[in-house]
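One-letter residues, chain by chain:
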Amino acid sequence: MKSLIKFLALFLWACSLCAVGVTNSGSGTSCSLFPNPSSSEPMEKSGTIEEIIHDGHEFIAVGSGTVDEDKGLHQSLILTSIDGKNWKQPQKKFFTSLYAAAHANNTTIAIGHEFGWESVSNQMLRSRNRGEWQSLPIPGRAKRIEDIAYGNGIFVMTAKSLDQKDITFISKDEGNTWTAITLGDRWGSPKIKFGGGHFSVYGGTSYVAISTDGKKWQFSDIGSFVRSDESRHDVI
């Protein structure tokens, strides 16, 4: 019994160390998700990674950092690493959780959204040539931006519109301007991937949309293959 009590005491003491955060001066102890970061900025000690990509030179991870009590939003979490062991953060802070990122031609775009106290907050960040990150304007028709992919020379971003329709935005100039294409109302949170020369949109239903240019989409209800031998699709 004494041995068990001693073990529990040591366990609780170790847990208490994990609850002590690292200050700006570097003092204290913390159980960090990314130990031993190589950065001049203190690393976020809590948060989640939503997506990680590689730009041909380094890993780029995006997600949610700690909550800013004044804004009622998470800090945007961006981490980069050449070797996957040592991570660093940009010095400039941004807000709103990030859920997706895409890279092409020395340009990385990361996007996300968050339900704040009063409304939905969207964030779109861009870094060129692995330089400083900057916030980009959100397209006017977007209420909630969801996902992003790159292929065939364009960035394509999915979102829900102000009238709750599924919508894609196409950019040919690395995020400076976006062209909106309405896809209807098939998904709650439309996701997008690129592969084999095609974009595919999906998310939470049996519908899938396929496109090569982000403008003309072919829709298929995959669930119909389960219900019958006849597939259903339409094109816009």
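Residues numbered from 1 in each chain as written. Predicted model: local features only at pLDDT ≥ 70, side-chain atom pairs only at ≥ 80, totals over all residues. Heavy atoms only, no water.

**Student:** What am I meant to see in the confidence of the model for the protein here?
**Tutor:** Reading fine detail from the predicted coordinates is not recommended where pLDDT is low. Here the protein shows a mean pLDDT of 79. Residues at 70 or above account for 74%. Considering each helix and strand of the protein separately, the mean pLDDT is smallest for helix α1 (residues 2-18), with a value of 42, and largest for strand β4 (residues 100-104), with 97. When the criterion is pLDDT under 50, residues 4-42 qualifies, and its contacts beyond four places in sequence or with other chains add up to 40 contacts. Note that residues 227-236 has pLDDT below 50 and, in this model, 25 contacts with residues that lie over four places away or in other chains. (pLDDT = per-residue confidence, 0-100. Helix = DSSP H or I, 4+ residues; strand = E, 2+ residues; numbered from the N terminus. Contact = heavy atoms within 4.5 Å.)

**Student:** What is the right way to read the sheet that holds strand β5 (residues 107-115) from this model?
**Tutor:** Within a sheet, adjacent strands bond to each other through the backbone by hydrogen bonds, running parallel or antiparallel. With respect to topology, four strands assemble into an open sheet ordered β4-β5-β6-β7, the strand pairing being antiparallel. If you trace the sheet from one side to the other, it starts and ends with β4 and β7 (133-135), each paired once. Averaged over all pairs of adjacent strands, the angle between strand axes in this sheet comes to 20°, irrespective of strand direction. Two elements, β5 and strand β6 (residues 120-128), share nine bridges in a ladder whose sense is antiparallel. Paired with Thr107 across the strands is Arg128, a residue of β6. (Pairing = 2+ DSSP bridges. Axes fitted to C-alpha atoms, helices over the stretch in contact; angles between N-to-C directions.)

**Student:** What is the right way to read the pairing of strand β14 (residues 207-211) from this model?
**Tutor:** Remark: a regular strand shows side chains that alternate across the two faces of the sheet. For strand β13 (residues 198-202) and β14, the ladder comprises three bridges, and the chain directions are antiparallel. Its bridge partner lying in β14, Val201 is registered against Ala209. In textbook terms, the turn of a hairpin is the stretch between consecutive antiparallel strands, and for β13 and β14 this stretch comprises four residues, one of which, Gly203, has a positive phi near 145°. The pairing of β14 with strand β15 (residues 218-221) spans four bridges and is antiparallel.

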